[in-house]
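# An overview of the molecular structure
Residue strings, one per chain:
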Amino acid sequence: MGLGYIGLPTAVIFAKHGFNVHGVDINPSVINKLKNKELHIEEHGLKEMLIEVIETGRLTFSTEPVKADAFIIAVPTPINKDKTANLNYVKTATEMIVPNLEKGNLVILESTVPPRTVEHIMIPILKKSGLSIGDELFVSHSPERVLPGRIIEELILNDRIVGGINEKSSQLTAELYQIFVTGKIHITDATTAEMVKLMENIYRDVNIALANEFARIAERVGFNVWEAIELANQHPRVNLHMPGPGVGGHCIAVDPWFVIEHAPEESKLISLARKINDSTPFHVANVIEKYVKDIEKPIISLLGLAFKGNVNDIRESPSLKVIELLRKKGFQLKIYDPYINQHIEGKVNDVKEVAKGSDLLVILTDHHIFKEIDFKMIKGLMRRQVVFDTRHILNKGQLESAGYHYIELGSPLSMYNCDKQICFSLIDH
């Protein structure tokens with residue numbers, strides 16, 4: 001149930017391992033594409049496997065579920081504008097399978113959800129089947145724990161968390177995933193499994209917030225945050241993440257709110273980390289504004305729309321927030337991301353066009369392809385040769401040798417367009 005970034009690869013892998021799988025999505029255009037052996041998402045190695053299992057007849061698609069032995073729900077769980085969890089997709093998917101449930105069936109929720117979603121949301125709906133929960137119908141939560149761009153590989157290799165509502169539910173779920181999972185399968189209860197996935201992503205969100213705070217401290221007191229983090233991580237018990245323009249994606253930027261909603265008084269550190277990371281695009285936009293404030297009708301070039309490097313996913317991307325903020329300030333923007341096909345106002349098709357007439361070129365996403373840009377070639381196209389790197393992916397020495405003024409997020413000079421002596425004088429005062 002759900003054929004997105006997690007559901008489709010999971011369906012394909014089960015079919016690849018000999019199961020007859022029926023994939024369901026409520027979006028007819030997704031179903032039509034898949035029936036024609038076309039992908040609506042990008043994931044390395046997925047298309048070849050998709051074509052293979054469709055041609056063998058082991059994978060079929062429709063907008064409605066059919067009777068089955070096991071039902072896996074892998075639908076989106078976004079947040080509402082008020083930061084509360086939107087569980088409508090989980091509710092709808094659960095309601096859709098109820099007419100098809102039979103004695104002995106297994107229902108697995110893979111979607112990342114707030115604690116007690118299985119207990120308080122799914123089970124009341126599943127009871128409408130008339131089956132005895134835990135005796136005739138078995139239910140588990142087994143959250144996905146994969147990295148976009150490596151989903152196929154990590155679905156197989158990563159350890160799996162299985163949280164059943166009782167021992168039999170956990171046992172059946174573990175046996176099912178053991179068909180293709182080579183990592184360890186860890187058994188727990190459903191609520192603990194829900195929290196494990198949330199805790200994994202909250203750890204990363206808090207760590208990134210700490211890194212973003214260090215970056216702002218570096219700008220004020222005068223040190224290179226990237227070098228400092230690299231050196232601090234030489235300690236065997238330190239693992240600082242890296243700063244950036246913000247936090248995006250369907251997990252890290254969303255999941256902390258699931259815990260905050262249910263335990264607001266007990267999650268003050270989590271809340272503060274969210275505020276720091278959510279405020280970072282504002283900080284980036286302010287730095288950009290400082291560097292072009294004295295230019296008449298400046299043109300700002302933004303490289304990267306995806307929330308992370310080498311993927312085509314813009315969900316919760318901080319780049320979108322930076323763009324929104326700069327547009328509100330009235331700036332003319334040129335935007336380039338070779339991974340993104342969606343129409344975005346100001347988006348151009350190549351690096352020459354994005355550089356043409358530019359007063360400031362900003363790296364917002366750490367795509368590997370941006371490291372390969374021929375900056376000597378585009379130098380003459382730019383009106384001002386200034387680069388602001390929020391991801392620390394470019395070579396400062398090479399750019400400065402080519403005649404660029406290079407700025408990094410978290411660099412002591414990133415807030416001031418001046419030489420070192422003057423900047424430190426400003427910091428001191």
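Given the structure is predicted, the values throughout are model-derived calculations rather than measurements.

Across its full length, the protein chain holds 17 helices and 12 strands. Computed over the C-alpha atoms, the radius of gyration of the protein chain is 24 Å, within 12% of the 22 Å expected from 2.2 N^0.38 for a compact globule of 429 residues. Principal-axis analysis of the C-alpha atoms places the extent of the protein chain at approximately 75 × 50 × 40 Å. Considering the protein chain as a whole, with its 429 residues, one finds that 52% of them fall into the buried category. Counting only contacts in the protein chain whose residues sit at least 6 apart along the sequence, the fraction spanning at least 24 positions is 72%. Accessible area for the protein chain stands at about 19,900 Å²; split by element, carbon and sulfur atoms hold 51% of it. Of the charged side chains in the protein chain, 48 are positive and 54 negative; the average position of the first set lies 4 Å away from that of the second.

Reading across the sheet, the five strands line up as S3-S4-S5-S6-S7 and stay open at both edges, with mixed pairing between neighbours. Two strands bound the open sheet, and with one partner strand each, they are strand S3 (70–73) and strand S7 (185–189). Adjacent strand axes in the sheet meet at a mean angle of 25°, parallel and antiparallel pairs treated alike. One ladder, built from four bridges, connects strand S4 (residues 106–109) with strand S5 (residues 138–141); its direction is parallel.

Here we take up the side chain of serine 170. With respect to the helices, strands and loops of the structure, serine 170 is situated in helix H7 (residues 167–177). Once residues within four sequence positions are removed from consideration, serine 170 is found in contact with Ser140, Val162, Gly163, Gly164, Ile187 and Thr188.

Before going further, it helps to examine the packing of aromatic side chains. The tally for this structure, following the rule as stated, stands at six aromatic pairs. A ring pair is formed by phenylalanine 14 and phenylalanine 19, whose centres lie 5.5 Å apart and whose planes are at 75°; its orientation type is edge-to-face. Of the residues examined, phenylalanine 19 reaches a relative accessible area of 29% and is grouped as partly exposed. Ring centres 5.6 Å apart and planes at 85° place the aromatic pair phenylalanine 375 and tyrosine 404 in the edge-to-face group. In this pair, phenylalanine 375 sits in helix H15 (residues 375–379) while tyrosine 404 sits in the loop between helix H16 (396–401) and strand S12 (405–408), placing the two residues 29 residues apart along the sequence. Its relative accessible area of 8% is what places phenylalanine 375 among the buried residues. By the ring-pair criterion, three or more aromatic residues cluster together here, those being Phe14, Phe19, Tyr177 and Phe180.

Further remarks concern the nonpolar core. Leu3, Leu8, Val12, Leu50, Leu59 and Phe61 are the most contacted members of the largest nonpolar core, which has 35 residues in total. When residues of this core are traced back to their parent elements, those giving at least two are helix H1 (7–16), helix H2 (28–35), helix H3 (46–55), strand S2 (59–62), S4, helix H6 (151–157) and H7. In terms of residue count, H1 provides more of this core than any other element does, six residues in total. Leaving out residues up to four positions away in the same chain, valine 12 has contacts with Leu46, Met49, Leu50, Val53 and Leu59. One finds Phe71, Ile97, Val107 and Val139 within the second-largest nonpolar core, a separate group that totals 34 residues.

Right, let's talk about the environment of alanine 273 for a bit. Residue placement: alanine 273 occurs in helix H11 (residues 268–292). Taking C-alpha positions, alanine 273 is 43 Å from leucine 131, a pair spaced 142 residues apart along the chain. Not counting residues within four places of it along the chain, the set of residues in contact with alanine 273 comprises Asp205, Val206 and Ala209.

With 32 residues, helix H8 (residues 190–221) extends 47 Å between its outermost C-alpha atoms, agreeing within 8% with the 46 Å of an ideal straight helix rising 1.5 Å per residue. One side-chain oxygen at the N-terminal end of H8 lies 3.2 Å from the backbone nitrogen of threonine 191; it belongs to aspartate 189. Where H8 terminates, the next one or two residues include glycine 222, which has phi positive at roughly 100°.

Moving on to the packing of H1 against H3. Where H1 meets H3, the axes come as close as 9 Å, and the angle between the chain directions of the two elements is 50°. Judged by the inter-axis angle, H1 sits oblique to H3. Like other packed secondary-structure pairs, H1 and H3 cross with a definite hand, here left-handed. Counting all contacts with H1, which are made through Leu8, Pro9, Val12, Ile13, Ala15 and Lys16, the residues of H3 involved are Leu46, Met49, Leu50, Glu52 and Val53. Per-class residue counts for the contact of H1 with H3 are nine nonpolar, no polar and two charged.

The subject of this paragraph is the confidence of the model for the protein chain. With 96% of its residues at a pLDDT of at least 70, the protein chain reaches an overall mean of 94. Of the regions scoring below 50 in pLDDT, residues 414–429 engages in 28 contacts with residues more than four places distant in sequence or in other chains.

Conventions and cut-offs
Residues numbered from 1 in each chain as written. Predicted model: local features only at pLDDT ≥ 70, side-chain atom pairs only at ≥ 80, totals over all residues. Heavy atoms only, no water. Helix = DSSP H or I, 4+ residues; strand = E, 2+ residues; numbered from the N terminus. Rg over C-alpha atoms; globule rule 2.2 N^0.38 Å. Buried < 20%, exposed > 50% of the residue type's maximum accessible area, 1.4 Å probe, protein only. Contact = heavy atoms within 4.5 Å. Areas by Shrake-Rupley, 256 points an atom, 1.4 Å probe, with all protein chains shown as cover. Lys, Arg positive; Asp, Glu negative; His and termini not counted. Charge placed at Lys NZ, Arg CZ, Asp CG, Glu CD. Pairing = 2+ DSSP bridges. Axes fitted to C-alpha atoms, helices over the stretch in contact; angles between N-to-C directions. Phe/Tyr/Trp six-rings, centres within 6.5 Å; stacked < 30°, edge-to-face > 60°. Core = buried A, V, L, I, M, F, W, Y, C linked by side-chain atoms within 4.5 Å. Expected span 1.5 Å × (residues − 1). Polar contact = N/O pair within 3.5 Å; in protein donor to acceptor, adjacent residues only side chain to side chain. Parallel < 35°, antiparallel > 145°, perpendicular 65-115°, else oblique. Left-handed = near helix turned anticlockwise from the far one by under 90°. Nonpolar A, V, L, I, M, F, W, Y, C, P; charged D, E, K, R; others polar. pLDDT = per-residue confidence, 0-100.

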